[in-house]
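Remarks on the overall topology
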Amino acid sequence: MIDGKKVIFSGMQATGTLTIGNYLGALKNWIKLENEYECFYCVVDMHSITVRQDPAELRKRARSLLTLYIAAGLNPEKNCIYYQSHVSAHAELSWILGCYTYMGELSRMTQFKDKAAKHSENINAGLFTYPVLMAADILLFQADLVPVGNDQKQHLELTRDIAGRFNSIYGDVFTIPEPYIAKQGARIMSLQEPTKKMSKTDENPNASIYLLDDPDTVIRKFKRAVTDSDNRIIYSDEKPGIKNLIEIYAISTGKGIEEVEKEFDGVGYGDFKMAVGEAVVNLLKPLQERYRELEKDKAYIDGIIKANAEKASYYANKTLRKVQKKVGFPERIR
Ligand code: TYM
């Protein structure tokens, strides 16, 4: 609790450009929560280097991501938006928690298995201990709620296990966080392989809609979206391509699934794809406009980066000091 409010923590990696999967699955929900909770939203640049990055590119992407958080509607006065690498407590708590996490637990993580298969030339220790750093992110702020997409559920469960284990040894140190996974949009699928999730690092740019794609690109990608050939617009697991498009349209327009099915009853796939494309263009337009404005305002963004790193450090260090004491590190002499 901070000032009588429950706490939210979430983050995104600065690898690749955000997709509508990240937006509909996570970011969009964050905005709804800003009044009720004390919120911390991090750009997790330390997680990004588990895969090789070009330094200049990473710096640029991290800033772009932070700007996108604000452009999407997060008020930086209300939400603490900051870079993970600016708050050293993340790394420090991660080390401690690593000593309370089992190799067996980490080797069961599906994200590790997927990434290790994809980057077989660089299966580094950071990739393996990635979920420990994520647990540290969340537990540092004593977060009650963690709004994420479906793919982060397993990491959240591990975080809860680590926190529970630590608490059972040392008393009530950590708040046990709950995942917040929206009913709709928690798993937006690739437009090219609709049985796979949409990802910012997909090699095929046609598979994902990026938040900064221009309207023509958005429409073109939807037109090319892979579907079946049965030409009926029905929300069914047997029609993953159409199911995904219905879901994207429904969230983008605020309509229900059945309402969408009715609206497009008898309509062909070509027209439907066009309608989905237009809905997404409209959804992204205000965000893109705001992004272009913010990008120009260097001093404003710099001010947010500085102030919020200080705020995040304050709360993070409070937890870290408590944990250090519990495990038996000597007290600092002041
Ligand atoms: P990342 O950067 O892969 O994704 C950011 C957020 O977007 C969600 N997401 C999706 N939601 C719906 N459909 C999709 N296709 C889709 N793809 C991604 C993710 O679930 C996530 O909520 N490990 C995290 C970052 C992280 C974090 C944290 C999150 C680091 N520390 C602490 C929460 C709390 C990650 O790689 O997310």
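Residues numbered from 1 in each chain as written. Predicted model: local features only at pLDDT ≥ 70, side-chain atom pairs only at ≥ 80, totals over all residues. Heavy atoms only, no water.

Here's the deal with the packing of helix α4 (residues 89-98) against helix α13 (residues 298-327)
Each pair of packed helices can be summarised by the angle the axes make with each other and by the distance between the axes. Quick note on the threshold: A fitted line through C-alpha atoms serves as each axis, taken over the contacting stretch for helices, and the angle formed by two N-to-C directions is quoted from 0 to 180°. Segments assigned H or I by DSSP are reported as helices when at least four residues long, segments assigned E as strands when at least two residues long, and all are numbered from the N terminus. An angle below 35 degrees is read as roughly parallel, one above 145 as roughly antiparallel, one from 65 to 115 as roughly perpendicular, and any other as oblique. Working rule for handedness: look at the near helix, and if it is turned counterclockwise from the far one by less than a right angle, call the crossing left-handed; if clockwise, right-handed. Here, residues are in contact when the closest pair of their heavy atoms is within 4.5 Å. Three residue categories are used. Nonpolar comprises Ala, Val, Leu, Ile, Met, Phe, Trp, Tyr, Cys and Pro, charged comprises Asp, Glu, Lys and Arg, and polar comprises the others, including Gly.
At a closest axis distance of 10 Å, the pairing of α4 and α13 adopts a crossing angle of 30°. Between α4 and α13, the angle is such that the two are roughly parallel. Like other packed secondary-structure pairs, α4 and α13 cross with a definite hand, here left-handed. Across from Ala 89, Glu 92, Leu 93 and Ile 96 in α4, the residues of α13 making contact are Ala 316, Asn 317, Leu 320, Val 323, Gln 324 and Val 327. Residue classes in the contact of α4 with α13 are distributed as seven nonpolar, two polar and one charged.

Some points on the site of the ligand
To be explicit about the condition: Proximity is defined per residue: any heavy atom of the residue falling within 4 Å of a molecule or strand makes that residue near it. Pairs of N or O atoms within 3.5 Å make up the polar contacts considered here, provided that, within protein, one atom can donate a hydrogen while the other can accept it, and that residues adjacent in sequence are counted only when both atoms are side-chain atoms. The Shrake-Rupley method, run with a 1.4 Å probe sphere, supplies the accessible areas, and residue values consider only the shown protein chains as cover.
Close to the ligand lie 27 residues, the nearest being Tyr 130, Asp 137, Asp 151, Ile 188 and Lys 200. Contact distances for the ligand include 2.9 Å between a nitrogen atom and a backbone N or O atom of Met 198. Protein contacts shield 97% of the accessible area of the ligand, which totals 710 Å² for the unbound molecule. The class makeup of the residues in the shell around the ligand is twelve nonpolar, ten polar and five charged.

Describing the environment of Glu 331
By secondary structure assignment, the location of Glu 331 is in the segment after α13. Residues Glu 331 and Glu 259, spaced 72 residues apart in sequence, show a C-alpha to C-alpha distance of 62 Å.

Here we look at the packing of helix α3 (residues 55-71) against α13
Where α3 meets α13, the closest approach of the two axes is 11 Å, and the angle between their N-to-C directions is 90°. As the angle between them shows, α3 and α13 are arranged roughly perpendicular. Each of Arg 63, Leu 66, Thr 67 and Ile 70 in α3 lies in contact with α13, whose residues at this interface are Lys 298, Ile 301, Asp 302, Ile 304 and Ile 305. When its residues are assigned to classes, the contact of α3 with α13 shows five nonpolar, one polar and three charged.

Section: the domain arrangement of the protein chain
Our working rule: How far each domain reaches was decided by an automatic or database domain assignment. Defined in terms of a 1.4 Å probe, buried area is the accessible area two parts forfeit on being brought together, summed over both.
Split into domains, the protein chain comes out as domain 1 (7-181 + 298-327) and domain 2 (215-293). Each of domain 1 and domain 2 was reduced to a C-alpha centroid, and the two centroids are 31 Å apart. In this complex, domain 1 contributes ten residues to the contact, which on the side of domain 2 involves nine residues. When domain 1 packs against domain 2, the two sides together hide about 910 Å² of surface, and 79% of this comes from carbon and sulfur. Among the residues of domain 1 in contact with domain 2, Ile 20, Leu 24 and Ala 71 are the three that bury the most area, contributing 50% of the side total.

Concerning α4
Basically, it comes down to this: In this scheme, a residue with accessible area under 20% of its type's maximum is buried, one over 50% is exposed, and one in between is partly exposed, where area comes from a 1.4 Å probe on protein chains only. Arc definition: directions from the helix axis to the C-beta atoms.
Those residues of α4 lying buried are Ala 89, His 90, Leu 93, Ser 94, Ile 96 and Leu 97. On an axial view of α4, the arc spanned by its buried residues comes to 165°, and they lie on one face.

A word on the pairing of strand β3 (residues 79-83)
Of all the five residues making up β3, five are buried; the element is thus mostly covered by neighbouring parts of the structure. Where burial is concerned, the two faces of β3 agree: the one with Asn 79, Ile 81 and Tyr 83 and the one with Cys 80 and Tyr 82 are both buried.

A short note on the environment of Lys 262
As for its placement among the helices and strands, Lys 262 is situated in helix α11 (residues 257-263). Separated by 45 residues in sequence, Lys 262 and Ala 307 have C-alpha atoms that sit 49 Å apart.

Comments concerning helix α8 (residues 153-170)
Helical periodicity: at 3.6 residues per turn, an α-helix aligns residues three or four positions apart in one direction. Selection rule: Here, expected helix span is obtained from the residue count minus one, scaled by 1.5 Å.
For α8, built from 18 residues, the straight-helix expectation of 26 Å at 1.5 Å per residue is met to within 8% by its first-to-last C-alpha distance of 26 Å. Residues His 155, Leu 156, Leu 158, Thr 159, Ile 162, Ala 163, Arg 165, Phe 166 and Asn 167 constitute the buried set of α8. Directly beyond the C-terminal end of α8, a positive phi value near 95° is found at Gly 171.

Here we look at the nonpolar core
Short version of the rule: For this analysis, a nonpolar core means a set of buried residues of the types Ala, Val, Leu, Ile, Met, Phe, Trp, Tyr and Cys, connected via side-chain atoms within 4.5 Å.
Among the nonpolar cores identified, the biggest contains 63 residues, and Ile 20, Leu 27, Tyr 69, Phe 222, Ile 248 and Phe 272 are the most heavily contacted of them. The element that contributes the greatest number of residues to this core is helix α12 (residues 269-296), accounting for twelve residues. Here Ile 20 is in contact with Gly 25, Ile 188, Met 198, Ile 209, Leu 211, Phe 222, Ile 248, Val 280 and Leu 284, once residues within four sequence places are set aside. The next biggest cluster of nonpolar side chains, apart from the first, holds 44 residues, and it includes Ile 138, Ala 143, Val 148 and Ala 163.

Considering the side chain of Asn 29
Checked against the element boundaries, Asn 29 lands in helix α1 (residues 20-32). Once you skip the residues sitting within four places of it in the chain, Asn 29 turns out to touch Leu 24, Tyr 180 and Ala 182.

Focus: the packing of aromatic side chains
The condition that has to hold: Any pair of Phe, Tyr and Trp rings, taking the six-membered ring for Trp, is counted once the centres come within 6.5 Å. Such a pair is stacked with planes under 30 degrees apart, edge-to-face with planes over 60 apart, and tilted for the rest.
Counted according to the given criterion, the structure contains 15 aromatic pairs. Pairing Phe 264 with Phe 272 gives two aromatic rings, centres 4.8 Å apart and planes at 65°, and the pair type is edge-to-face. Residues Phe 264 and Phe 272 agree in their burial class; the two are buried. One aromatic cluster is present, built from ring pairs that chain together Phe 9, Phe 40, Tyr 82, Phe 141, Tyr 314 and Tyr 315.

A few points about the pattern of salt bridges
This is how it is decided: Any carboxyl oxygen of Asp or Glu within 4 Å of a side-chain nitrogen of Lys or Arg constitutes a salt bridge here.
For the structure on display, the rule yields 19 salt bridges. Where Arg 61 meets Glu 57, a salt bridge forms, and the shortest distance between an N and an O atom there is 3.5 Å. Of the two residues, Arg 61 and Glu 57 are both situated in helix α3; the distance of four residues between them amounts to about one turn of the helix. Classification of Arg 61 by relative accessible area gives partly exposed; the value is 28%. Glu 57 gets classed as partly exposed once you look at its relative accessible area, which sits at 27%. We note a salt bridge from Asp 230 to Lys 239, for which the minimum N-O separation is 2.4 Å. Residue class for Lys 239 comes out buried when judged on its relative accessible area of 7%. Each member of the salt-bridge network shares a partner with another, and the members are Asp 228, Asp 230, Arg 232 and Lys 239.

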